[in-house]
Amino acid sequence: MTKYLISFPSGAMALSSEDLQAASDAAHAMVEEAKEAGVWVFGGAIDESVPPVLVDGDGTVTEGTYPQTKQLEGGYAILELPSHAAALEWAAKIAVACRCAQEVRAFHYDPAS
């Protein structure tokens, strides 16, 4: 089975506080559904209050990140699924719960993981 990253940027969820609570409740219900289905691996949101850093091989820590990931934020789910079609079905469920479109990406297969 392939692991899929299903994600959205935090700016995609432009919701009122009332709608945000409803989306949160729906997202938690979707997570429980994914766990019960045995496809949930991991999920969560990037804590945007913690600034990113780069850590070099010698342990040097530099504030900031790679230029191409400067806007890495939002919500993420990793699901292990039998097909790309199944990933699209779960992405649609997440889109309904979170009230915004989801990006779907497949991880390369690694037998060690």
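For the structure itself, look to the data block above.
Residues numbered from 1 in each chain as written. Predicted model: local features only at pLDDT ≥ 70, side-chain atom pairs only at ≥ 80, totals over all residues. Heavy atoms only, no water.

Q: Explain the sheet that holds strand β5 (residues 75-81) to me, please; I cannot follow it from the model alone.
A: Strand pairing within a sheet occurs via backbone hydrogen bonds; the two strands may be parallel or antiparallel. The sheet built from four strands is open, its strands ordered β2-β5-β1-β6 with antiparallel pairing. Every interior strand has two partners, whereas the edge strands, β2 (40-45) and β6 (103-106), have only one. Within this sheet the neighbouring strands show an average axis-to-axis angle of 20 degrees, counted without direction. (Pairing = 2+ DSSP bridges. Helix = DSSP H or I, 4+ residues; strand = E, 2+ residues; numbered from the N terminus. Axes fitted to C-alpha atoms, helices over the stretch in contact; angles between N-to-C directions.)

Q: I keep staring at the environment of L88 and nothing clicks. Help me out?
A: By the element assignment, L88 lies in helix α2 (residues 84-98). Considered as a pair, L88 and I78 are ten residues apart in the sequence and their alpha carbons are 13 Å apart.

Q: Explain the state of the cysteines here, please?
A: By definition, a disulfide links two cysteine residues through a covalent bond between their sulfur atoms. Tallied over the entire structure, the rule returns zero disulfides. With no disulfide of its own, C100 lies 5.5 Å from the sulfur of C98, the closest cysteine sulfur. According to the relative accessible area criterion, C100 is buried, its value standing at 9%. (Disulfide = S-S within 2.5 Å. Buried < 20%, exposed > 50% of the residue type's maximum accessible area, 1.4 Å probe, protein only.)

Q: Explanation requested: the nonpolar core in the structure shown.
A: One broad trend across soluble globular proteins is that nonpolar side chains are buried collectively. Among the nonpolar cores identified, the biggest contains 19 residues, and L79, L81 and W90 are the most heavily contacted of them. Those elements giving two or more residues to this core turn out to be β1 (2-8), α1 (17-36), β5 and α2. It is α2 that provides the largest number of residues to this core, a total of seven residues. If we ignore the near neighbours within four places in the chain, the residues touching L81 are M1, T2, Y4, V39, A86, A87 and W90. (Core = buried A, V, L, I, M, F, W, Y, C linked by side-chain atoms within 4.5 Å. Contact = heavy atoms within 4.5 Å.)

Q: Would you mind showing me how to read the side chain of S7 here?
A: As for its position among the elements, S7 is in strand β1. According to the relative accessible area criterion, S7 is buried, its value standing at 8%. Setting aside anything within four residues of it in sequence, one finds S7 in contact with G75, Y76, A101, Q102 and E103.

Function-wise, these values are silent; they only describe arrangement.
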